[in-house]
Amino acid sequence: MSSDPLLDHIDDYTKLQSDFNSIFSCDKTYKEITDAYHRSFPSLSSLMSALNVHAQSGIDINDVNDIKQRREKFGQYKKGAIHQFTFWQFIKGALNDDLLIDLLEGSVISLLIGVFKDGVSTGWIDSFGVLVSVFIVASITAMFNYQKQKKFIELQKAIDTRTVIVKRNSKLVLIQESELLTGDILKVQKRDIINVNGVILSGHILGYDMKNSTSIDISSDNGNDVICSPLRVEQG
């Protein structure tokens, strides 16, 4: 490790970027992300120290060299690309339901038996009706999810230029979301949409995970303190 504190933090930032990429991997569940975070950072103070930021004052925006290194090592803030599923992918996802799979398997077997016993002219009718019903249910489910995805994408585009409140040099300031730095402390309120991964420092959030369409209870006291974007704040 270098004897120069600035160079030490440069090295730390490089390692942190690697750690964060591993912790917030997109193929992990929320529990896996939380467990990975707590293994890397057993306490909040260990994270704050690694980020070279104080919980009460936030980033020192006057430290030009530190700001430069944050941008160079962590990159400029930008939203991740939204992966869009096709309608057919939603159909396949809906057909993965256990009940629909059982109905499909049962109707195919019934179709074969019916054709064997009653002939091609009438033996297929009842089973075919079940098959059509299954595909109707899957299509309705897929259409609902497809429309939900469309609305989510429209919402993301609408907030591309929004502002956020951060704490810097012990003051709350309003900045463009695109100006966020790794280590910034955000003030969030009800109905806010959090587009960055992070950790709750204090308080409690009842949020809606917009990626997985599930509600999640996040608190600084219960161990579920990791925030995975995008998250809409319902309460807190």
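Residues numbered from 1 in each chain as written. Predicted model: local features only at pLDDT ≥ 70, side-chain atom pairs only at ≥ 80, totals over all residues. Heavy atoms only, no water.

## Here we look at the pattern of salt bridges
Tallied over the full model, the rule gives three salt bridges. Between Lys-31 and Asp-35 there is a salt bridge, with the nearest N and O atoms lying 2.9 Å from each other. Separated by four residues within a single helix, Lys-31 and Asp-35 lie in helix H2 (residues 30-40), roughly one turn from each other. For Lys-31, a relative accessible area of 58% corresponds to the exposed category. Asp-35 gets classed as partly exposed once you look at its relative accessible area, which sits at 31%. A salt bridge links Arg-70 to Asp-66; its shortest N-O distance comes to 2.7 Å. With Arg-70 and Asp-66 both in helix H4 (residues 64-74), this residue pair falls four residues apart, about one helical turn. Given the relative accessible area of 5%, Asp-66 is considered buried. (Salt bridge = Lys/Arg side-chain N within 4 Å of Asp/Glu carboxyl O. Helix = DSSP H or I, 4+ residues; strand = E, 2+ residues; numbered from the N terminus. Buried < 20%, exposed > 50% of the residue type's maximum accessible area, 1.4 Å probe, protein only.)

## Remarks on H2
Ile-33, Thr-34, Ala-36 and Tyr-37 are the residues of H2 that are buried. Looking straight down H2, one finds its buried side chains confined to an arc of 165 degrees; they lie on one side. For H2, the exposed residues set more than 90 degrees away from the buried face come down to Lys-31 and Arg-39. (Arc of directions from axis to C-beta.)

Nothing here speaks to function; it is all geometry.
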